[in-house]
Amino acid sequence: MATSQSGLIGQPIARPKARQLAAGRGRYLDDLRVAGVLHAAFLRSPYAHAKLLSLDSEAARQAPGVVAVFAAADLEPVLTPWTARMPTLAAHRSVEQTALVRDRSLWQGQPVALMIAESVAQAEDAVALLSAQWEPLPALATAAQSLADDAPVLHQALGNNVLFEHRIDSVREHPPAAVELRHHFQFPRHTGVSLEPRGLIADFDPAQNQLTVHASTQVPHQMRAMLATHLSLEEHQVRVIVPDVGGGFGVKLHCYEDEMAIAAASRLLGRPVKYVVDRLEAFASDIHARAHRVDAAVRVGADGTLLGFEVDDQVEAGAVSVYPRTSALEALHAISGIAAPYRAMSLQARVRVAFQNKPAIGSYRGVGQPIACAVTEMMIDSAARALDLDPVEIRRRNFRQLDRDGALTPGGLDPGGELSFQACTDQLLELMDYPSLRKRQREARANGRALGIGFASFIEQSAPNSRVYGGAGVPIAAGDGCSLRLESSGGLSCITSAQFQGQGLETGLAQLIADAFGIALESVRIVHGDTAVTPVGGGTWASRGLSVSGEATLVAVQQLKLRLAKAAAELLETAESDLEFRDGAVHVAGTDRSVTLAELGFALHYQPHRLGQSGPIDPMVTAHVQPSRPYQIANGIQASLVEVDIDTGLVHLLRHWVVDDCGRVINPLLVDEQLRGGVVQGIGAALFEECRYDDQAQLLTGTLADYLVPMAAEMPDIEIGHVETPVPGSLLGGKGVGEASIVGAAAAVANAVNDALSAYGAEIFELPITPERVLRALGSVSPREHETAA
């Protein structure tokens, strides 16, 4: 692991980019102005399932400003269909997809026709003039409905509605259980709700046969590969440029029908076309996530030993498998992560992912891991209550030990070594002052108040290697690259394949470089988000940002230092082994002789003759790294303190704590921001967020008035602690952190609510925990009254 040279590593340095954004100087996709740009709007299906009988566009074509109207057949000459395939998941199945509906809509909001006009308003007005005739068909609204024996088959070519099925049968003999508990869990659909919605500007130049796309995306190189493949272009003929991105959370990872249609329209018209999803469209067209119905059982010994788990999980897929990552990963992570922090002797699990008439399930922050954590942790807390054990004690007795439990978790994950759950728990209890909190809870209960304390241990899978996607023939890079150049001024330019979406990654990379050379942070320039200049890399997903691109940066630092040492040795007339880098210069150890990086840079760029037979020397290096393990696995523990109003069912968040071990912390301020943001999204899952549909698969929560997200006024203080277990064999020593806290936050909050309700003999296993559900659990509202109110 590389050591800190000038003390920048581990310092809470604020993001310089934040000042620019706060001043209103950010440039997001919708801020870009392109000469001659046309604007797009879509006619979307009003039905979840229906035959398209006819589409009349004559009136729309005559509307002011209209340039073109495209139906599915109009795009086919330049845009090929796609099918999500993952050969490494043999049980995965999907069907061919097109940008626009051909003859049958499969979900409400599916694009049907594309309107191109001189302005957004003209395009939207003209869409209202399109006349589509439909024949409604029966809609599949839930996974349970789709998996029923008598269910209609959505895709006849597949024979049934199962997209993916997987089992885990890790059964070992164990002593008889003192307690066996069974619970039914329900987790609704979520969507990402990033501050900035999706959007792109596609600009095809027929003279050069070149497509330039400005896009709000997390994965520019993946997007380039998808566009090139399906527009029948070579990758070098497609350039993807990413402006400032206002959050992604996984929503901006995928290949969307509307975005592909925009690129095809630009190619057909030979003009730039711009499209930005509005918030109403986003709810019906962005990928969704979660949507699990889980039957779970846990067997526990009299001393609290976890003996075994059983899990049967039904997961919604949507109408198609999302391209190119598939809709299977949410489910696979959900069952492989069951009991991951613990020594459970047995795990029997089955997951079935079923097609139904809704938007596709995709990779949203955490990707199934929050489900695994919630099922595991809520079952453990229920068992602790049944055995009258402290929830901390039952966890301590069961945390995994490498020498006792072997390398693999019950679900078959390999953490790559010992995890630090005991150390994280020690620090958490100290941050909380746990004994005082329990005393406060007892006093509150004596006064009729319902306080609850909940815990959740978690693991975080991050930074998968190339076997996950590349091994399946899917063009998604697992590695990252860094080109590092010494400038003639002595500053350094870092051209990275990492993609920024507001998480401050550019600050972390600059810290690594500035620290290694002993220069000011301002002397490092970071370039990213342009496939024409950056090395090929994976972009931002799976908490891989700094753990992979940071490692590539440090490898580039090593390579550039070797090259600069060769030049400095020539200028200083000394051996390379006598040189050391510090304070923005190369010094001859033990002497006062040195050459500054500025002098060295000037010589490399403009005076190569001074380097004698060593010159010329290229002032730029490029390094690539690939993760070696299937996944990096980080870990931690969270706790939440809530108060439940027994009269109204409202849950008040009082405090929340996180202790995380992501290896070496480069910038604790950035890490803490990531952890707090993930906690807030996890609180949303626990108490607020739910994509609700009726029995015809019609979306009922299509605005932010209906789909509730947590707001600042409702958030508790979130206190963060760190345990640092550096990753062996790496220069960076760090693991991912971007998804860590969302994995455990909902489980901690839900356990706190159930702890508060335990005095009344109530438990809740359906999220979000709304006031209605609290009152139902307490028996204050009957099921009939609840349904009437809904």
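Residues numbered from 1 in each chain as written. Predicted model: local features only at pLDDT ≥ 70, side-chain atom pairs only at ≥ 80, totals over all residues. Heavy atoms only, no water.

## Here we look at the overall build of the protein
Put simply, the rule is: Here a strand is any run of E in DSSP of at least two residues, a helix any run of H or I of at least four, and the numbering for each starts at the N terminus. Exposure classes here rest on a 1.4 Å probe applied to the protein chains alone. A residue is buried below 20% of its type maximum, exposed above 50%, and partly exposed in between. Note on contacts: a residue pair qualifies if any of its non-hydrogen atoms lie within 4.5 Å across the two residues. In summary, the charge assignment counts Lys and Arg as positive and Asp and Glu as negative, without counting His or the chain termini. Charged groups are reduced to one reference atom each: NZ for lysine, CZ for arginine, CG for aspartic acid, CD for glutamic acid.
Broken down by element type, the protein carries 21 helices and 26 strands. Over its C-alpha atoms, taken along the principal directions, the protein stretches across nearly 85 × 75 × 45 Å. Residues counted as buried form 62% of the 790 residues belonging to the protein. A separation of at least 24 residues holds for 80% of the contacts in the protein among residues at least 6 apart in sequence. Of the charged side chains in the protein, 65 are positive and 90 negative; the average position of the first set lies 1 Å away from that of the second.

## Focus on the pattern of salt bridges
The line we're drawing: When a carboxyl oxygen of Asp or Glu is within 4 Å of a side-chain nitrogen of Lys or Arg, the pair counts as a salt bridge.
Inspection of every chain in the model, using the stated rule, returns 38 salt bridges. Two residues, Glu96 and Arg102, come together in a salt bridge whose shortest N-O distance is 3.1 Å. Residues Arg629 and Asp414 are paired through a salt bridge, measuring 3.0 Å at the closest nitrogen-oxygen approach. Within this pair, whereas Arg629 is found in the loop between β23 (620-625) and β24 (632-644), its partner Asp414 is found in the loop between α12 (402-405) and α13 (421-432), the two being separated by 215 residues in sequence. Residue Arg629 is classed as partly exposed on the basis of its relative accessible area of 31%. Residue classification places Asp414 among the partly exposed residues on the basis of a relative accessible area of 34%. One salt-bridge network, held together by shared partners, links Arg44, Arg198, Asp258, Glu259, Glu281 and Asp286.

## A word on the packing of aromatic side chains
Definition in use: Aromatic contacts are taken between Phe, Tyr and Trp rings whose centres are within 6.5 Å, Trp giving its six-membered ring; a plane angle under 30 degrees counts as stacked, one over 60 as edge-to-face, and the others as tilted.
Applying the stated criterion across every chain, the model contains 12 aromatic pairs. Ring geometry for Tyr469 versus Trp541: centroids 5.6 Å apart, planes at 75 degrees, classification edge-to-face. Taken as a pair, Tyr469 in the loop between β16 (450-462) and β17 (480-486) and Trp541 in the loop between β19 (524-527) and α16 (545-572) lie far apart in primary sequence, 72 residues in all. Residue Tyr469 is classed as buried on the basis of its relative accessible area, which comes to 5%. Using a relative accessible area of 8% as the deciding quantity, one classes Trp541 as buried. Within the aromatic cluster, the residues linked to one another by ring pairs are Phe185, Phe187 and Phe765.

## Here we look at the sheet that holds β23
Our working rule: Paired strands, in this sense, are two strands between which DSSP finds at least two bridges. Interaxial angles span 0 to 180 degrees and are taken between N-to-C directions of axes, which are lines fitted to C-alpha atoms, for helices over the stretch in contact.
In spatial order, the strands read β19-β18-β17-β23; together these four strands make up an open sheet with mixed pairing. Of all strands in the sheet, those bounded by a partner on one side alone are β19 and β23. Neighbour-to-neighbour, the strand axes of this sheet turn through a mean angle of 20 degrees, independent of strand direction. Relative to β23, β17 is paired through six bridges, and the arrangement is antiparallel. Its bridge partner lying in β23, Ser483 is registered against Thr622. Against the sheet, α16 makes contact with β17, β18 (492-496) and β23, and its axis sits at roughly 145 degrees relative to β23, the strand it touches most.

## Quick word on the nonpolar core
Short version of the rule: Within this scheme, the nonpolar core is defined by two criteria: the residues are buried Ala, Val, Leu, Ile, Met, Phe, Trp, Tyr or Cys, and they are joined through side-chain atoms within 4.5 Å.
Phe185, Phe309, Val375 and Val644 are the most contacted members of the largest nonpolar core, which totals 120 residues. For this core, the element with the highest residue contribution is helix α19 (residues 740-757), accounting for 13 residues. Leave out the neighbours within four places in its chain, and Val375 touches Phe185, Phe187, Val294, Ala296, Val311 and Ile338. Leu8, Ala552, Leu564 and Val625 belong to the second-largest nonpolar core, a separate cluster that totals 51 residues.

## Some remarks on the environment of Arg395
Within the fold, Arg395 resides in helix α11 (residues 391-398). Separated by 180 residues in sequence, Arg395 and Ala575 place their C-alpha atoms 57 Å apart. Those residues within four positions of Arg395 in sequence are excluded, and the remaining contacts are Tyr342, Glu377, Ile380, Asp381, Phe455, Ala456, Ser457 and Asn751.

## Focus: unusual backbone geometry
Geometrically, the link from Tyr323 to Pro324 is a cis peptide bond, its omega value of 0 degrees lying close to zero. Structurally, Pro324 can be placed in the loop between β14 (306-318) and α9 (329-336). Of note, the bond from Leu767 into Pro768 is cis; its omega dihedral lies within 30 degrees of zero at -5 degrees. Following the sequence through the fold, Pro768 ends up in the loop between α19 and α20 (771-778). One non-glycine residue, Phe249, lies in the positive phi region at around 60 degrees. Considering the arrangement of structural elements, one finds Phe249 in the loop between β11 (238-241) and α7 (257-269). When its relative accessible area of 27% is taken as the criterion, Phe249 is described as partly exposed.

## Here we look at the side chain of Glu316
What counts here: Within 3.5 Å is the distance limit for a polar contact, defined as a pair of N or O atoms, with the added protein rule that one can donate a hydrogen and the other accept it, and that residues adjacent in sequence qualify only through two side-chain atoms.
Within the secondary structure layout, Glu316 lies in strand β14. For Glu316, the side chain forms a polar contact with the side chain of Lys358, separated by 3.1 Å. When residues no more than four places from it in sequence are discounted, the contact partners of Glu316 are Ala141, Thr142, Ala143, Arg189, Ala291, Val353, Ala354, Gln356, Lys358 and Ile361.

## Quick word on helix α15 (residues 505-517)
The condition that has to hold: Multiplying 1.5 Å by the helix residue count minus one yields the expected span of that helix.
Taking 1.5 Å of rise per residue, 13 residues should cover 18 Å, and α15 covers 19 Å from first to last C-alpha, within 8% of that figure. Most of α15 is tucked away: 13 of the 13 residues are buried. Count one or two residues on from α15 and you reach Gly518, which has phi positive near 70 degrees.

## Examining the sheet that holds strand β2 (residues 50-56)
Strand order across the open sheet formed by three strands is β4-β2-β6, with antiparallel pairing between neighbours. Only two strands of the sheet have a single partner each, and these edge strands are β4 (104-105) and β6 (131-136). Of the pairings in the sheet, the one linking β2 to β6 comprises six bridges and is antiparallel in character. Its bridge partner lying in β6, Leu55 is registered against Ala132.

## Overview of the environment of Ala177
Within the secondary structure, Ala177 sits in the loop between β7 (162-170) and β8 (179-191). Not counting the four nearest positions on each side in its chain, Ala177 is found in contact with Arg299, Val300 and Leu307.

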